[in-house]
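As a plain string of letters, each chain reads:
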Amino acid sequence: MMKVTEAVERNGRIGSRDPGLLAWLRLMRVHAAIDHRSTELVRQFELTLPQFDLIAQVGSHEGASQQELAEALMVTKGNITQLLDRLEERGLLERRQIPGRRGKFLFLTDVGWELNRRVVPAQEALITELFAELSLDERQQLNGLLARMDRA
């Protein structure tokens with residue numbers, strides 16, 4: 001992969017016609033649009049996107065430690081502490097001790113599970129709707145390409 005400095009030396013500027021750069025710009029625009037629509041959706045449930053992510057992750061990985069959750073969300077443990085505090089104050093999740101294990105582990109409350117059962121399918125339906133512009137084959141191809149980039 002060519003370094004930015006090499007591109008600038010070659011072209012005198014970053015090549016705005018480079019397909020990789022154009023793909024990145026489009027990806028950022030698509031991400032911003034999806035982020036905007038997702039924010040609108042989860043706001044209806046009185047959540048922010050980061051709070052939604054936590055509710056969804058704890059629902060999928062109930063009993064995870066705060067560190068495990070931070071790794072799943074690719075953030076630091078400190079970054080999610082305030083979010084967890086807010087969700088705990090709202091009665092959506094709780095931190096529990098597990099005998100024989102150090103630390104606290106995360107569980108949705110009954111209220112948290114009810115919210116999870118409504119908001120996660122709504123978000124999944126939104127994403128499905130937004131990607132419906134692409135055929136199944138195109139979605140699979142896009143997923144494969146992005147997975148390859150993710151591993152690079």
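Scope of this entry: the structure provided in the associated data block. (Residues numbered from 1 in each chain as written. Predicted model: local features only at pLDDT ≥ 70, side-chain atom pairs only at ≥ 80, totals over all residues. Heavy atoms only, no water.)

A short note on the overall build of the protein chain
Okay, step 1: Per the secondary structure count, the protein chain includes 7 helices and 2 strands.
Okay, step 2: Counting helices and strands in the order they occur from the N terminus, the protein chain gives α-α-α-α-α-β-β-α-α.
Okay, step 3: Contacts in the protein chain between residues at least 24 apart in sequence constitute 49% of all its contacts with a sequence separation of at least 6.
Okay, step 4: Accessible surface, the protein chain as shown: approximately 11000 Å² in total, 54% of it carbon and sulfur. (Helix = DSSP H or I, 4+ residues; strand = E, 2+ residues; numbered from the N terminus. Contact = heavy atoms within 4.5 Å. Areas by Shrake-Rupley, 256 points an atom, 1.4 Å probe, with all protein chains shown as cover.)

Concerning the layout of surface pockets
Okay, step 1: When its volume is computed, the second largest pocket comes out at roughly 200 Å³.
Okay, step 2: In terms of lining residues, the second largest pocket is bounded by Leu49, Phe52, Asp53, Ala56, Gln57, Leu73, Val120, Gln123, Glu124 and Ile127.
Okay, step 3: Residue assignment for the lining of the second largest pocket shows that the elements contributing at least two residues are helix 3 (49–60) and helix 6 (110–131).
Okay, step 4: Tallying contributions element by element places helix 3 first for the lining of the second largest pocket, with 5 residues.
Okay, step 5: By residue class, the composition of the lining of the second largest pocket is 6 nonpolar, 2 polar and 2 charged. (1 Å grid on protein atoms, 1.4 Å probe; cavity = no way out; pocket = protein on both sides within 12 Å on 5 of 7 lines; lining within 4 Å. Points joined across faces, edges and corners; volume = space filled by probe spheres on them. Nonpolar A, V, L, I, M, F, W, Y, C, P; charged D, E, K, R; others polar.)

Considerations on the nonpolar core
Okay, step 1: Core analysis: the biggest nonpolar cluster contains 24 residues, and Leu47 and Val119 have the highest contact counts within it.
Okay, step 2: Breaking this core down by element, the ones donating at least two residues are helix 2 (19–43), helix 3, helix 4 (66–73), helix 5 (77–89), strand 2 (104–108) and helix 6.
Okay, step 3: Sort the elements by how many residues they give to this core and helix 3 lands first, with 6 residues.
Okay, step 4: Setting aside anything within four residues of it in sequence, one finds Val119 in contact with Val42, Phe45, Leu47 and Phe52. (Core = buried A, V, L, I, M, F, W, Y, C linked by side-chain atoms within 4.5 Å. Buried < 20%, exposed > 50% of the residue type's maximum accessible area, 1.4 Å probe, protein only.)

Quick look at the pairing of strand 2
Looking down a regular strand, the side chains alternate between one sheet face and the other.
Okay, step 1: Most of strand 2 is tucked away: 4 of the 5 residues are buried.
Okay, step 2: Two elements, strand 1 (residues 93–97) and strand 2, share 5 bridges in a ladder whose sense is antiparallel. Paired with Arg96 across the bridge in strand 2 is Phe105.
Okay, step 3: As consecutive antiparallel partners, strand 1 and strand 2 are separated by 6 residues, and within that stretch Gly100 has a phi angle of approximately 85°, a positive value. (Pairing = 2+ DSSP bridges.)

Worth remembering: the numbers are spatial, not functional.
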